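Below are the chains, spelled out letter by letter.
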Amino acid sequence: MAKNFKDEVLSRRTFAIISHPDAGKTTLTEQLLLFGGAIRDAGTVKGKKTGKFATSDWMEIEKQRGISVTSSVMQFEYQNCRVNILDTPGHQDFSEDTYRTLTAVDSAVMIIDSAKGIEEQTLKLFKVCRMRGIPIFTFINKLDREGRAPLELLAELEEVMGIESYPMNWPIGMGKEFLGIYDRFYKRIEQFRVDEDKRYIELNEDGEIEGDHQLKTSGLYDQTLEEIMLLNEAGNEFSRERIEKGELTPVFFGSALTNFGVQTFLETYLQFAPSPQARNSSEGKIDPLNEEFSGFIFKIQANMNPAHRDRIAFLRICSGKFERGMTVNIPRIGKQLKLAQSTQFMADDRSTVDEAVSGDIIGLYDSGTYQIGDTLTIGKNKFQFERLPQFTPELFVRVTAKNVMKQKHFHKGIEQLVQEGAIQLFRNVRTEEYLLGAVGQLQFEVFEHRMKNEYNVEVIMERLGSKITRWVENEQVNENLSAARSILVKDRYGKLAFLFENDFALRWFQDKNPEVKLYNPMDDY
Ligand code: GDP
């Protein structure tokens, strides 16, 4: 029987996986998709990077550098849940994209390589989740290899990340001597590399194996029991409420590559991961169970299909139900739009979506209407969801078209790439020159490449090096304050900002011009 709206919404689990490159995000994602029946063979997700999109030059950049630049969405059903996984680019030059993606999820899975512990990129992304109060589930990966002691890894979580942890299971040995996991939650032992019918050993009331078992002859078994005792006595208590608040992270050990511990992780995760959460808007919190449709665009991706030059806007549904053909408002531009073309995402396919509810992510074909951060509502609703985080760019170039006859394409290309959030655009207030700001160098390379391949414009980019960007609260500023070491610019929304040569220039300016109120939007993050 078809579920009603409320049950549909409550069955959604929308999350992103955060990790440092190489920790195993792709491998784990693939295993999850296999369980969900969304793909048939391991290797599909990786294959997608090189196979399906091989015709796209733009994807060549990814391929050559061996990094995943773009995010995508994958969807599957498992045990009555509809799971939406949002992939995020691993490379730090694209972390702005990842930050925006994290606004569209209700929880996050953090993968840690057991040999490396907490790495830089993981820590950064963790902080964003923390700040947003997103519940975090931790998967400590690669137990089939020699890694760091589990207690040490937990201590690192608490010390470096400042989050308390509750190990749902605990490894018995590791590397060559990895025997399995002691599952505190299901009260059983799951043995590594043992056939399914013999894999699980139920534990007795005292949390031990009843009677004789070969596992008991290993010293590792006794050591594990000791560590479990320590966790029971001195560790944190399990608390669903604290998990939901993002104060406590349930920790799972496993090995994505050998598909060990992944199913247990998935099943437990689905039990405790939150269903769609309310989102803040200009009219207060919007409840996902509210039946009036609303959502926001958190990502725009061009040329997913190089043959059609299409752009897809990714929409997170925050309330109500999406129905193909419905008419929505875009309060930012005061316009109405019919949503005729929409798509949902499967790992190896895209198919037309007719209906979707709060928590789902759908793709809308876009001919240039949407901007990142746009809210969509219906009827009389004109509220807007919270603005998405915008990074303070650190690197700048001055950009012009090589061929002056190509101005039209040049402007169109810049406008679209800026709308996508691929790069930030500024105009020098005095000279009207175009300046581009980025968080990482790779963004310029992608920009240059895409301008040439998608808009047929060769660009000249003059490096201006790193700058400190500070926006101005004042509506107006004396243009004469613009100087080589403090360039006055307007961002694409018309807001004034200064690009300072360095910290010294910034302080000097502030001393001389205390009436100019400067701010850094990233201070909120
Ligand atoms: P990503 O960059 O986070 O997406 O990482 P990948 O999933 O591409 O994995 C990086 C490398 O680690 C690949 O060579 C994987 O085969 C390997 N890897 C992933 N999970 C495991 C694991 O559980 N054990 C071992 N030994 N290797 C793994």
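Here's what I pulled together on the structure shown here. Bear in mind that the values here come from a model prediction, so they are computed numbers and not experimental data.

1. Considering the sheet that holds strand S1 (residues 12–18)
Then, number 1: Reading across the sheet, the seven strands line up as S2-S3-S1-S4-S5-S11-S6 and stay open at both edges, with mixed pairing between neighbours. At either margin of the open sheet sits one strand with a lone partner, and together these are strand S2 (73–78) and strand S6 (164–167). Taken over all neighbouring pairs, the strand axes of this sheet differ in orientation by 30° on average, direction set aside.

2. Topic: helix H13 (residues 441–455)
Then, number 1: Taking 1.5 Å of rise per residue, the 15 residues of H13 would be expected to cover 21 Å, and the 21 Å separating its terminal C-alpha atoms lies within 8% of that figure.
Then, number 2: Every buried residue of H13 is listed here: Gln443, Phe444, Val446, Phe447, Arg450, Met451, Glu454 and Tyr455. What you see down the axis of H13 is that its buried residues fit within an arc of 160°, all on one side.
Then, number 3: Taken from the residues just after H13, Asn456 is the one with a positive phi, measuring 60°.

3. Some words on unusual backbone geometry
Then, number 1: Although it is not a glycine, Asp22 sits at a positive phi angle of roughly 85°.
Then, number 2: Its place among the elements puts Asp22 in the loop between S1 and helix H2 (25–35).
Then, number 3: Using a count of 14 C-beta atoms within 10 Å as the deciding quantity, one classes Asp22 as partly exposed.

4. Looking at the packing of helix H12 (residues 407–419) against H13
Then, number 1: Relative to each other, H12 and H13 sit at 125°, their axes nearing to 10 Å. The pairing of H12 with H13 is recorded here as oblique in orientation. Both H12 and H13 take part in a crossing whose hand is right-handed. Here His409, Lys412, Gly413 and Leu417 of H12 come into contact with H13, specifically with Phe447, Arg450, Met451, Glu454 and Tyr455.
Then, number 2: Tallied by class, residues from the contact of H12 with H13 come to four nonpolar, two polar and three charged.

5. Observations concerning the site of the ligand
Then, number 1: Among the 16 residues in the neighbourhood of the ligand, the closest are listed as Gly24, Lys25, Thr26, Thr27 and Leu257.
Then, number 2: Examining the composition of the shell around the ligand, we find that three residues originate from one element, H2, more than from any other.
Then, number 3: Across the shell around the ligand, the residue classes tally to four nonpolar, seven polar and five charged.

6. Here's the deal with the sheet that holds strand S27 (residues 459–466)
Then, number 1: The strand order across the open sheet formed by eight strands is S27-S24-S26-S25-S29-S30-S28-S31, and the pairing between neighbours is antiparallel. Of all strands in the sheet, those bounded by a partner on one side alone are S27 and strand S31 (518–519).
Then, number 2: The pairing of strand S29 (residues 486–491) with strand S30 (residues 496–500) spans five bridges and is classified as antiparallel. Note that in S30 the partner of Val489 across the bridge is Ala497.
Then, number 3: Of the strands in this sheet, strand S24 (395–401), strand S25 (424–428) and strand S26 (434–438) touch H12, which is tilted by about 125° from S25.

Criteria and cut-off values
Residues numbered from 1 in each chain as written. Predicted model: local features only at pLDDT ≥ 70, side-chain atom pairs only at ≥ 80, totals over all residues. Pairing = 2+ DSSP bridges. Helix = DSSP H or I, 4+ residues; strand = E, 2+ residues; numbered from the N terminus. Axes fitted to C-alpha atoms, helices over the stretch in contact; angles between N-to-C directions. Expected span 1.5 Å × (residues − 1). Buried ≥ 20, exposed ≤ 12 C-beta atoms within 10 Å, placed from the backbone. Arc of directions from axis to C-beta. Parallel < 35°, antiparallel > 145°, perpendicular 65-115°, else oblique. Left-handed = near helix turned anticlockwise from the far one by under 90°. Contact = placed C-beta atoms within 7 Å. Nonpolar A, V, L, I, M, F, W, Y, C, P; charged D, E, K, R; others polar. Near = placed C-beta within 6 Å.

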